[in-house]
Amino acid sequence: MKKTWAAWPYVFWMVIFTVIPLFLLLYFSFTVKDGSTVAFSFANFQRLFEPVYFKVLFRSLVLAGISTFFCLFLGYPVAFILAGRSFRRKNTMILLLVLPMWMNFLLRTYAWLTLLERKGLINTVLVHLGLQPLNLLYNDFAVTLGMVYNFIPFMILPIYSVMSKIDRSLVEAAEDLGANPLAVFWRVTFPLSLPGVLSGITMVFMPAVTTFVISRLLGGGQYTLIGNLIEQQFLTVGDWNFGSAISVLMMLIILVSMAFTSRYEKEQEGSGLW
Amino acid sequence: MIRLVNISKQFDGTEAVKNINLHISKNEFLTMLGPSGCGKTTTLRMIGGFEYPTTGEIIFDGVNINALPPYKRKVNTVFQKYALFPHLNVYDNIAFGLHIKKVEKKTIDEKVGRMLELVSLSGYERRSVYSLSGGQQQRIAIARALINEPEVLLLDEPLGALDLKLRKDMQLELKAMQKQLGITFIYVTHDQEEALTMSDTVVVMNRGRIQQTGTPEAIYNEPINAFVAGFIGESNIVEGIMHGDFHVEFAGKHVECSDQGFAAQEVVDVVIRPEDLKMVEPADGLFTGVVKSVTFKGVHYEMIVAAHGIDWMIHSTRMRPAGMNVGLKVVPFDIHIMKKVMEE
Amino acid sequence: MVKHLIKRSYLFLMFTFLYAPIIVLAIYSFNNSRSRGAWNGFTFKWYLQMLQDRQILSSLYNSLAIALIAALVATAIGTVAAFGIHHMKSFPKATIMNLTYLPVLNPDIVTGISFMLLFIFIRLQLGFLTLLLAHITFNIPYVILSVLPKIKQLDKNLFEAALDLGATPIQAFRKIIFPEILPGVVTGLLLAFTLSLDDFVVSFFTTGSGVSTLSITIYSMARRGINPKINALSTLMFVCVLTLLIIVNMTMSREKPVKSKEA
């Protein structure tokens, strides 16, 4: 009995539960219902580029991009500080950083409602200080904030992981050769941290583009990102063909970006999940 | 040129280095030698600026440089594991220090070329660090340090990861380089043979303190205490009693020796090198005993002779088989007397 | 010194940002009023209401049951699969690994939708079973990704050494191989359990007939606006997770010997 047979139950399972669903998705995306006949067509994909829908796609990409940028901009220093050697109780800090991630994702998003509402905590404080209340909820700002809040640990952790593995003697060698701390960072630490940055960007941008919970809870009923669009098509409108087409497109975007980034990660050692 | 004055270094309550006083001259090849944990690397790192002394002063050309950060010192280091920058190729690694100083490209090209020639790796500019062997990486590390024309080069056990033949070749190359460039080398190793081969001055350290400083010959021939004697080369170390100048008693015999200046009845350590003990006819020997074991070491035979309750180690190119009765003889000049070391 | 201060302050700000919403939720869970503006006295009533809410309790039960069953099944299938995959030649191995990465990389909404299509296609009614099947499916890859590296790290000679010393293949597997890969298996199990527990999107599309997971219940409650019962639930979950992590941290730090610095 060959050892490789052990994998066949799994393969069987995956074919049924992953491959076939995928084919169904593709099938629906490439077909249109014309009365009771089904015809092959690109129409579903073309629809996505109509102004109404394209705006949604564009907005999703832009917001995800902005969130990723802020996650990077705000998160990189955290990773840098934590990876620096002069830190007692580092493990505790990392644990504290990870802790919110273990909270239910919905609850974390919901939490901002209390803070951002018209009569929420932030506005209450502002009014008390004599300032005008701000419109913080149900707009791009709230959604972006929600994305950054939810995903920033996914940016910090890969960068931290890479940075903490940078050999200390490289920093010393750079100093020895005349580099002051700024030069050490720019010429040695930063270039060596880039694989982690790339990981982080990937782990933030992907879910940010396809989220529908954040946009529903913090953007409101009228606020539509690509994730909401897909949900609508399936559950409300009933246009499975269009919904599938959008899904397929999302899948393609993400798989292509992953293939792209994995080329740069060739030099990384084999990565487990922890 | 460099003076260490009463240098001590503490880490979390343990004293790694205690009261080091050292003077290093220009163009000197000085080696700090000792077992793991003796403080030699810590001392080196303090000279380089990677550790700050807890007490004491480091004086460089008359100036106290205790608080000076590494990038401001006229010192460069070759690290134990080379610390080559993996994201830069050979050229950029070597040129790193010059890039920092914003030297113009033409000059850098020239200097890098010359450096690669010096370390016999011309043409390797575009190679990646990963594609180099250990020996090659080490030479790039040396080139990277030397291109900055430091007054002092610090080397932290740089040959540790190389195989024996390569290590011996590199030892001679480094010595030649030092003579040719005329700069001070401060070298750290735990390999006593390496230290004896390369150095002008050897500083033997143990447990954070300097045990003895001197030329390789002096350290070898006149070890100052049992530790140095035991660490450098093989020795027979036996306890003895000095009965006045030139007269020592050990292993039950009164023997003439060549040392003086000890107190009467002072308990001392007697050191005799294995190659200085000659095997003779039992009748002619100072001691008589039986050969316990013989081991062929290539360069010589190592024999253990049990005589007067002590196992003596003999190195000789002549073999005496186990079980044979022999006499042992030694010239007074080769009997070294050392003060007993106070254990701390 | 200034650098040190700046670093500390920045970290402090970041941690405030991360914890502020959770803490605010916790505070308001004790507020004796629905309004988020005024404080109307301290109360436990929201906690009581939450613990008595049948919808919440049944969905909590569902979440735990699904997570447990799915994690166990996925670990079983995944561990065995990892073993088989490890011994494959490069072409089938690469294909299967790509297949394995698919649910991991795919946006969860696409995964959820495709499951839904499948179940409708084979006319399986959406409910507990479909939920379970979906969870098992997206858990297995993570188990494989946890176990496979451990199998790779195994000394190739261990198995033969055991046989050489007289063990049967099954004994060798049980006594030698399995204990060595156990950390990977446990990691996979925990990972699967956590992912199932926390999942929302896939569950959303694959459940039906009134079967809700905790996430789904929270979502439907949250859509209707602020509800202090959610605050209570959130605070309780936070305390649980915090306790769990402290315990894990303490047991891990007890196992690791303290490394001393060599001069």
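So, a few notes on the structure that sits alongside this text. (Residues numbered from 1 in each chain as written. Chains lettered and ligands numbered in written order. Predicted model: local features only at pLDDT ≥ 70, side-chain atom pairs only at ≥ 80, totals over all residues.)

### Description of the overall build of chain A
Then, in step 1: Each helix and strand in chain A was counted, giving twelve helices and two strands.
Then, in step 2: Reading chain A from its N end, one meets helices and strands in the order α-β-β-α-α-α-α-α-α-α-α-α-α-α.
Then, in step 3: With the principal axes as the frame, chain A shows a C-alpha extent of 75 × 75 × 35 Å.
Then, in step 4: For chain A, with 274 residues in total, the buried portion stands at 45%. (Helix = DSSP H or I, 4+ residues; strand = E, 2+ residues; numbered from the N terminus. Buried ≥ 20, exposed ≤ 12 C-beta atoms within 10 Å, placed from the backbone.)

### Remarks on the packing of helix α3 (residues 54–86) of chain C against helix α6 (residues 128–153) of chain C
Residues and elements named next belong to chain C.
Then, in step 1: Where α3 meets α6, the closest approach of the two axes is 6 Å, and the angle between their N-to-C directions is 45 degrees. Classified by the angle their axes make, α3 and α6 are oblique. Considering the relative orientation of α3 and α6, their crossing is right-handed. (Axes fitted to C-alpha atoms, helices over the stretch in contact; angles between N-to-C directions. Parallel < 35°, antiparallel > 145°, perpendicular 65-115°, else oblique. Left-handed = near helix turned anticlockwise from the far one by under 90°.)

### With respect to the sheet that holds strand β4 (residues 55–60) of chain B
Residues and elements named next belong to chain B.
Then, in step 1: The sheet built from four strands is open, its strands ordered β2-β1-β4-β5 with antiparallel pairing. Each edge of the open sheet carries a strand with a single partner, namely β2 (14–24) and β5 (63–64).
Then, in step 2: Note that strand β1 (residues 2–11) and β4 share five bridges and pair antiparallel. Within β4, the residue paired with Arg-3 across the bridge is Ile-59.
Then, in step 3: Sheet contacts for helix α1 (residues 40–48): β1, β2 and β4; angle to β1, the most-contacted strand, approximately 120 degrees. (Pairing = 2+ DSSP bridges. Contact = placed C-beta atoms within 7 Å.)

### Focus: the interface of chain A and chain B
Then, in step 1: Chain A puts 15 residues into the contact, and the matching count from chain B is 17 residues.
Then, in step 2: When contributions to the side of chain A that touches chain B are tallied by element, the ones reaching two or more residues are α8 (168–176) and α9 (181–210) of chain A.
Then, in step 3: The biggest single contributor to the side of chain A that touches chain B is α8 of chain A, with six residues.
Then, in step 4: In terms of residue class, the side of chain A that touches chain B is made up of eight nonpolar, three polar and four charged. (Nonpolar A, V, L, I, M, F, W, Y, C, P; charged D, E, K, R; others polar.)

### Comments concerning the nonpolar core
Then, in step 1: Of all hydrophobic cores here, the largest spans 124 residues; its most connected members are Ala-79, Trp-112, Phe-151 and Ile-156 of chain A together with Ile-113 and Ile-144 of chain C.
Then, in step 2: Other than its neighbours up to four places away in sequence, Ile-144 of chain C contacts Gly-78, Ala-81, Ala-82, Ile-85 and Thr-100 of chain C.
Then, in step 3: In terms of nonpolar packing, the next biggest core, distinct from the first, is built from 94 residues, Val-171 of chain A together with Leu-4, Val-90 and Met-338 of chain B among them. (Core = buried A, V, L, I, M, F, W, Y, C linked by C-beta atoms within 7 Å.)

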